[in-house]
Amino acid sequence: MGLERLEEVRRAFLADLEAAGRDPEAVEKLRIRYAGRKSGLLLELTAALKTLPPEAKRDYGRALNELKKLVEGKLKEAAAAAKAAGGGGRAAGEIDITLPGRPLPRGAEHPVHLVRRRIESIFLRMGYSVEDGPEVEDDWHNFEALNMPPDHPARDDQDTFYLAGGRLLRTHTSPVQTRVMERSEPPIRIIVPGRVYRRDSDLRHSPMFHQIEGLVVDEGITFGNLKAALETFLHELFSGVDVRFRPSYFPFTEPSAEVDITCIFCGGTGCGVCSRSGWIEILGSGMVDPRVFEKVGIDPERYTGFAFGLGLDRVAMLLYGIPDLRLLFSGDQRLTRQFA
Ligand code: PHE
């Protein structure tokens, strides 16, 4: 007995009320059960008042009165509604299809997903197809076939999560290059979006993040093709920017280039986002190293190709002005709702 019991009865009443709907008989049964003059539940609850210690009586009495008002008011409404339904009302449990639906909140696409779809649509229009690969990888696909033998210093840049049995969480989407080249004949023209993992966490790094990889292999592919594809892509994604190629190094491409765009916040004059340089690094790229072709069984005398990779989360941060990478993975709806 006490306040909890009142709450219990209140909930039970509301549930029973809903079940009774506009069926006159059910509503009458409900009235007898709760507000009946000889043995209704309200009567019982009133009698219980006497058994309470004096200091509990006031609160209990007040809550009991509220409950009485609620029950009587709702019963009156329900009886009127049942009468209006004219006996043709529904039986308990039946669905009233004339009731208006309950509104559902509108969902929103995650900013990383939005960026992925935008990038995919640009490359799909250029004739690429979308490929996929496992997140749990082996050393061969993630490193070895990409020209990174066990003692290769480039492995240190990619602090790897190792799993039992020599497996690992892929540190980039490049192992899907390996897999696709192993199983298919050129011409190859693919992009590969996906999750990747590195042991790293701060404002700009998260142990899980997203990349999108690109790979084109055919006869006669040149660095000029690489440049044209990436410039077209970057001008579509960020309108009005300048693009520049800087010589760089990746074990699986030769020559390699990193690609920058003029800062989309200051237009190239220098600001906090671009560390006053006017440029923002956007992707890594290069011509597929012939040694990679040999490892995956593609004839390097006949074919050439280019590859590139970029971080989707970074692009989302730039395009939507998101200050902390970790916000993207916090599950905080105050962020995602802004994209509805
Ligand atoms: N896999 C590289 C990285 O994660 C990016 C890259 C992809 C560079 C393809 C060149 C070609 O840093």
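This one's a predicted model, so the numbers in the text were calculated from it and none came from an experiment.

K.L.:
Help me understand the overall build of the protein, please; the structure alone is not making it clear to me.
P.N.:
A count of helical and extended segments in the protein gives 11 helices and nine strands. Compactness check: the protein gives a C-alpha radius of gyration of 33 Å against a globular reference of 20 Å for 340 residues, more than 25% above the reference. Viewed in the frame of its principal axes, the protein has a C-alpha envelope of about 100 × 50 × 50 Å. For the protein, with 340 residues in total, the buried portion stands at 42%. For the protein, contacts bridging at least 24 residues in sequence account for 66% of all contacts bridging at least 6. Summed over its atoms, the accessible surface of the protein is roughly 18900 Å², and 51% of this surface lies on carbon and sulfur atoms.

K.L.:
What should I look at first to understand the sheet that holds strand β6 (residues 243-250) in this one?
P.N.:
An order of β1-β4-β5-β9-β8-β7-β6 is seen for the seven strands of this open sheet, with the pairing classed as mixed. Looking along the sheet, the strands with just one partner apiece sit at the ends: β1 (129-130) and β6. Direction of pairing for strand β8 (residues 279-288) relative to strand β9 (residues 304-311): antiparallel, over a ladder of five bridges. The residue of β9 that forms the bridge with Leu 283 is Leu 310.

K.L.:
Got a minute to help me understand the site of the ligand in this structure?
P.N.:
The full set close to the ligand counts 14 residues, and His 172, Ser 174, Arg 198, Gln 211 and Glu 213 are the nearest of them. A distance of 3.0 Å separates a nitrogen atom of the ligand from a polar atom in the side chain of His 172. Coverage of the ligand by the protein chains reaches 90% of its 330 Å² of free accessible surface. Of all the secondary-structure elements, those providing two or more residues to the shell around the ligand are β5 (208-218), β8 and β9. At three residues, β9 tops the list of elements feeding residues into the shell around the ligand. In terms of residue class, the shell around the ligand is built from four nonpolar, eight polar and two charged.

K.L.:
Teacher, can you tell me more about the domain arrangement of the protein here?
P.N.:
Quoted interface sizes are often the accessible area lost when the parts come together. Assigned domains within the protein: domain 1 (3-85) and domain 2 (111-339). For domain 1 and domain 2, the distance between their C-alpha centres works out to 65 Å.

K.L.:
Help me understand the environment of Phe 238 in this model?
P.N.:
Its place among the elements puts Phe 238 in the loop between α8 (223-237) and β6. Considered as a pair, Phe 238 and Leu 318 are 80 residues apart in the sequence and their alpha carbons are 9.7 Å apart. With residues near it in sequence (within four places) discarded, Phe 238 still touches Ile 261, Ile 264, Ile 282, Val 315 and Leu 319.

K.L.:
Even after reading the chapter, I still don't get the pairing of β6, so can you show me in this structure?
P.N.:
Remark: a regular strand shows side chains that alternate across the two faces of the sheet. Sheet analysis places β6 next to strand β7 (residues 253-262), joined by seven bridges and oriented antiparallel. Bridge pairing in β7 links Phe 250 to Thr 253. Remark: two residues form the turn of the hairpin made by β6 and β7, two consecutive strands paired antiparallel.

K.L.:
Teacher, can you tell me more about the pairing of β7 here?
P.N.:
For β7, a buried count of eight out of 10 residues is recorded, marking the element as mostly surrounded by other parts of the structure. The pairing of β7 with β8 spans eight bridges and is antiparallel. Across the sheet, residue Val 259 finds its bridge partner in β8, namely Leu 283.

Here is what the cut-offs are and how they apply
- Residues numbered from 1 in each chain as written.
- Predicted model: local features only at pLDDT ≥ 70, side-chain atom pairs only at ≥ 80, totals over all residues.
- Heavy atoms only, no water.
- Helix = DSSP H or I, 4+ residues; strand = E, 2+ residues; numbered from the N terminus.
- Rg over C-alpha atoms; globule rule 2.2 N^0.38 Å.
- Buried < 20%, exposed > 50% of the residue type's maximum accessible area, 1.4 Å probe, protein only.
- Contact = heavy atoms within 4.5 Å.
- Areas by Shrake-Rupley, 256 points an atom, 1.4 Å probe, with all protein chains shown as cover.
- Pairing = 2+ DSSP bridges.
- Near = heavy atom within 4 Å.
- Polar contact = N/O pair within 3.5 Å; in protein donor to acceptor, adjacent residues only side chain to side chain.
- Nonpolar A, V, L, I, M, F, W, Y, C, P; charged D, E, K, R; others polar.
- Domains from an automatic or database assignment.

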